[in-house]
Amino acid sequence: MRVGQNPAKSIEEAFQPEKVTVALVTYIPFLGGYYAEGLEVLKICLGSLWQNTDLPYDLVVFDNASAHEVRSYLVEAQRSGRIQYLVLSDKNVGKGGAWNFLFGAAPGEYIAYADSDIYFYPGWLSAQIKVLDTFPNAGMVTGIPLWSPEKFSTSTIEWAQKSPGVRLERGKYLSWEDYWRHSRSLGTDEQKARASFDSRQDYCLIYGDQRFFIGAGHFQFVAKRAVLQDILPIPTDRPMGQVRSLDIALNQKGYLRLSTSDWWVQHLGNTIRNFDKFPGKEGELTPTKEHFARGGKFWKWKPARWLLFWFYDKAFEILYHN
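If you're wondering where the values come from, they're calculated on a predicted model, not measured in any experiment. (Residues numbered from 1 in each chain as written. Predicted model: local features only at pLDDT ≥ 70, side-chain atom pairs only at ≥ 80, totals over all residues. Heavy atoms only, no water.)

Peer 1: Help me understand the overall build of the protein chain, please; the structure alone is not making it clear to me.
Peer 2: A count of helices and strands for the protein chain gives 11 helices and 12 strands. Classification of the 322 residues of the protein chain by burial places 47% in the buried group. Considering only intrachain contacts with a sequence separation of at least 6, the fraction spanning at least 24 residues in the protein chain is 78%. Total accessible area computed for the protein chain in this model is approximately 17,300 Å², and 54% of it derives from carbon and sulfur atoms. (Helix = DSSP H or I, 4+ residues; strand = E, 2+ residues; numbered from the N terminus. Buried < 20%, exposed > 50% of the residue type's maximum accessible area, 1.4 Å probe, protein only. Contact = heavy atoms within 4.5 Å. Areas by Shrake-Rupley, 256 points an atom, 1.4 Å probe, with all protein chains shown as cover.)

Structure follows, in structure tokens:
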């Protein structure tokens, strides 16, 4: 039996979501080891997002069972109105599982996805939306100049080859500085990165006076909601191993995968100790002298590295398997 009338019936207008949904996935299970600086990285990520996003948006954060300290920070940000939608999963459903939820539930026409270790430069959102709107069949656009395996972008290459007003180029168009700037944030050894850089060539799409690198990244991209929903569901049998399923599905459906020539975002990785400042779009995050001076030679000694990795492996075994 109902007593009285629901007062919500007298409300004549309902909340209308923004055209863009910015979506982040967080996973910081504890504040130690690999994740020791995870919360600080997250704060820098969200701080740059709140400060440098130049279009109206709603922010949805999917937390994949992070530590209490991380969740407390996110809950407080949601209470203060800086996060519009906050999802707290009691289990780690993996990146694919989080994507299935976010891409299926996001209310905006556009979805701007990012991992929680991304720094956003001023104007990042409008710049990427502009690229997305330039190409009606665009699937995903990443905001840095990026090399990507061509086998995941064959549809983009084929489209560029046959489209009037579009020129396809293959060669060395990505500079070493740009390549290393992103590669080092992934923990890549500089010598290996140099060898990989020297052996690769880029595919670029030229449209008007704009150059776009063919390929995109999983750490950050902007896409239309309808496009992402067209390729759901994404496999979820592994926490991190299914990200290529997104590339494959978009490519098979004939969608374009592109990256910008300018730096609109920066991947930070799991530490902020390597960087002395977080500048505007024209700047670069540079390693500090202190970082290189602190124990550099000793930890290059193979016995010391072997011992350190042995302890790390044992700690990991205790934390996750016992």
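Peer 1: What exactly am I supposed to notice about the packing of aromatic side chains here?
Peer 2: For any pair of aromatic rings, geometry is given as the distance between the ring centres together with the angle between the planes. Counted according to the given criterion, the structure contains 19 aromatic pairs. Each ring, one from phenylalanine 135 and one from phenylalanine 212, has its centre 5.4 Å from the other, and the planes form 85°; the classification is edge-to-face. Here the residue phenylalanine 135 occupies a position in the loop between helix H4 (124–134) and strand S6 (138–142), and phenylalanine 212 occupies one in strand S9 (residues 210–214), the gap between them amounting to 77 residues. Like phenylalanine 135, the residue phenylalanine 212 is buried in the burial classification. Grouping aromatic residues by their ring pairs yields a cluster made of Tyr27, Phe30, Tyr34 and Tyr35. Of note, arginine 200 hangs over the ring of tryptophan 147, and the distance from its end group to the ring centre comes to 3.7 Å. (Phe/Tyr/Trp six-rings, centres within 6.5 Å; stacked < 30°, edge-to-face > 60°. Lys NZ or Arg CZ within 6 Å of the ring centre and 35° of its normal.)

Peer 1: Looking at this structure, how should I read the confidence of the model for the protein chain?
Peer 2: Predicted coordinates in areas of low pLDDT are best not read in detail. On average, residues of the protein chain score 86 in pLDDT, and 84% of them reach the 70 mark or higher. For the stretch residues 281–295, pLDDT sits under 50, and the model shows 32 contacts to residues farther than four places along the chain or on other chains. (pLDDT = per-residue confidence, 0-100.)

Peer 1: Hey, could you run me through helix H3 (residues 94–105) in this one?
Peer 2: An α-helical turn contains 3.6 residues, so a residue and the one three or four places further along point in the same direction. Counted at 1.5 Å a residue, the expected span for H3 with its 12 residues is 16 Å, and the 17 Å between its end C-alpha atoms agrees. Inspection of H3 places Gly94, Lys95, Gly96, Gly97, Ala98, Trp99, Leu102 and Phe103 among the buried residues, and these make up the whole buried set. On the buried face of H3, the contacting elements are strand S1 (20–26), strand S2 (58–64), strand S4 (110–115), strand S10 (220–224), helix H8 (225–230) and helix H9 (244–252). (Expected span 1.5 Å × (residues − 1).)

Peer 1: I would appreciate a short explanation of the side chain of serine 163 in the present structure.
Peer 2: Note that serine 163 resides in the loop between helix H5 (154–162) and strand S7 (166–171). Looking at serine 163, the relative accessible area reads 13%, which means it is buried.

Peer 1: What should I look at first to understand the environment of aspartate 237 in this one?
Peer 2: Positionally, aspartate 237 belongs in the loop between H8 and H9. Residue classification places aspartate 237 among the exposed positions, given a relative accessible area of 61%. For the pair aspartate 237 and glycine 94, spaced 143 residues apart in sequence, the C-alpha separation works out to 8.3 Å.

Peer 1: Honestly, unusual backbone geometry in this entry has me stumped. Any pointers?
Peer 2: Most of the time, phi is negative for any residue but glycine, and the peptide bond is trans. The residue after leucine 232, namely proline 233, is reached through a cis peptide bond having omega 0°. Structurally, proline 233 is set in the loop between H8 and H9. Phi angles above zero are rare outside glycine, and alanine 65 is one such case at about 65°. Mapped onto the secondary structure, alanine 65 falls in the loop between S2 and helix H2 (68–79). For alanine 65, a relative accessible area of 23% gives the class partly exposed.

Peer 1: What am I meant to see in the pairing of S2 here?
Peer 2: Walk down a regular strand and you will see the side chains alternate between the two sheet faces. Most of S2 is tucked away: seven of the seven residues are buried. The side-chain alternation of S2 yields two buried faces, one formed by Asp58, Val60, Phe62 and Asn64 and the other by Leu59, Val61 and Asp63. Taken together, the six bridges between S1 and S2 define a ladder with parallel strand orientation. Its bridge partner lying in S2, threonine 26 is registered against aspartate 63. The parallel pair S1 and S2, bridged by helix H1 (residues 38–52), forms a crossover whose chirality is right-handed. Sheet topology places S2 next to strand S3 (residues 85–89); five bridges connect them, and they run parallel. Within S3, the position partnered with valine 61 by the bridge is leucine 86. Between the parallel pair S2 and S3, the chain is carried across by H2, and the sense of this crossover is right-handed. (Pairing = 2+ DSSP bridges. Right-handed = clockwise from strand over helix to strand, strands pointing away.)

Peer 1: Which parts of the structure should I look at to understand the pattern of salt bridges?
Peer 2: Pairing of side chains with opposite charge becomes possible as their charged atoms draw close. The full count for this structure, using the stated rule, is 11 salt bridges. Across the pair lysine 43 and glutamate 40 runs a salt bridge whose closest N-O atoms are separated by 3.9 Å. Highlighted residues: lysine 43 and glutamate 40, both in helix H1, separated by three residues, approximately one helical turn. Residue lysine 43 is classed as partly exposed on the basis of its relative accessible area, which comes to 32%. Classification of glutamate 40 by relative accessible area gives partly exposed; the value is 39%. A salt bridge links glutamate 150 to arginine 170; the nearest nitrogen and oxygen atoms lie 3.9 Å apart. One end of the pair, glutamate 150, is in the loop between S6 and H5; the other, arginine 170, is in strand S7, and 20 residues separate them in sequence. A relative accessible area of 39% means that glutamate 150 is categorised as partly exposed. (Salt bridge = Lys/Arg side-chain N within 4 Å of Asp/Glu carboxyl O.)

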